[in-house]
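# Structure at a glance
Here are the chains, one letter per residue:
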Amino acid sequence: MNYTYYDYLELPFGATPARIEAAFLSQLEPLRYGSSDAGQDMGGVLAMVHSAYKVLSDPEARNRYDATLAREAAMADAELKATLDQHGTGTGLRL
């Protein structure tokens, strides 16, 4: 599964700047010691939370990121539709 920056900050698409900042700060709290309660290294997650905040808190970077997500979603939809059409699912679903 591919996670988005919105997933790392547990935010809905279209979140306000104030919500982005609040989510960033709330995500930092459990990661501040660098490991989970089970002793897992959380450095990678911490890096992704920082990257997510950096992009989502910058309006221009966020617009570019959102456009990339939209393109990826459109490509995935087209691929799924082609697969369903190829296999003649007969479900009557329209994409």
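Scope of this entry: the structure provided in the associated data block. Residue positions are counted from 1 within each chain, in the order its sequence is given. Only residues with pLDDT of at least 70 are given local features in this predicted model, and only at 80 or more are side-chain atom pairs given and counted; all residues enter the totals for whole chains, interfaces and linings. Heavy atoms throughout the structure, all of them, feed into the side-chain values; hydrogens and water do not.

### Notes on the overall build of the chain
Here a strand is any run of E in DSSP of at least two residues, a helix any run of H or I of at least four, and the numbering for each starts at the N terminus. Counting its secondary structure elements, the chain contains four helices and zero strands. Classification of residues uses two cut-offs on accessible area relative to the type maximum, computed with a 1.4 Å probe and protein chains only: under 20% is buried, over 50% is exposed, and between them is partly exposed. A buried classification covers 22% of the 95 residues belonging to the chain. Contact criterion: two residues are considered in contact whenever any of their non-hydrogen atoms come within 4.5 Å of each other. Restricting to contacts in the chain with at least 6 residues of sequence separation, those with at least 24 account for 46%. Of the roughly 7,100 Å² that the chain leaves accessible, carbon and sulfur atoms contribute 55%. Per-residue and other accessible areas were derived by the Shrake-Rupley procedure at a 1.4 Å probe size, with only the shown protein chains allowed to occlude residues.

### A few points about the nonpolar core
In plain words, nonpolar cores are sets of buried Ala, Val, Leu, Ile, Met, Phe, Trp, Tyr and Cys residues tied together by side-chain atoms within 4.5 Å. Ranked by size, the top nonpolar core spans 17 residues in total, and within it Y5, Y6, L9, L11, I20, L56 and Y65 carry the most contacts. Those elements giving two or more residues to this core turn out to be α1 (5-8), α2 (17-31), α3 (43-56) and α4 (59-87). Residues contacting L11, with those up to four places away along its chain left out, are Y6, R19, I20 and A23.

### Some remarks on unusual backbone geometry
Leaving glycine out, the prevailing phi sign among residues is negative, and the prevailing peptide bond configuration is trans. Despite not being glycine, E10 shows a phi value in the positive range, around 55°. Within the secondary structure, E10 is located in the loop between α1 and α2. A relative accessible area of 64% means that E10 is categorised as exposed.

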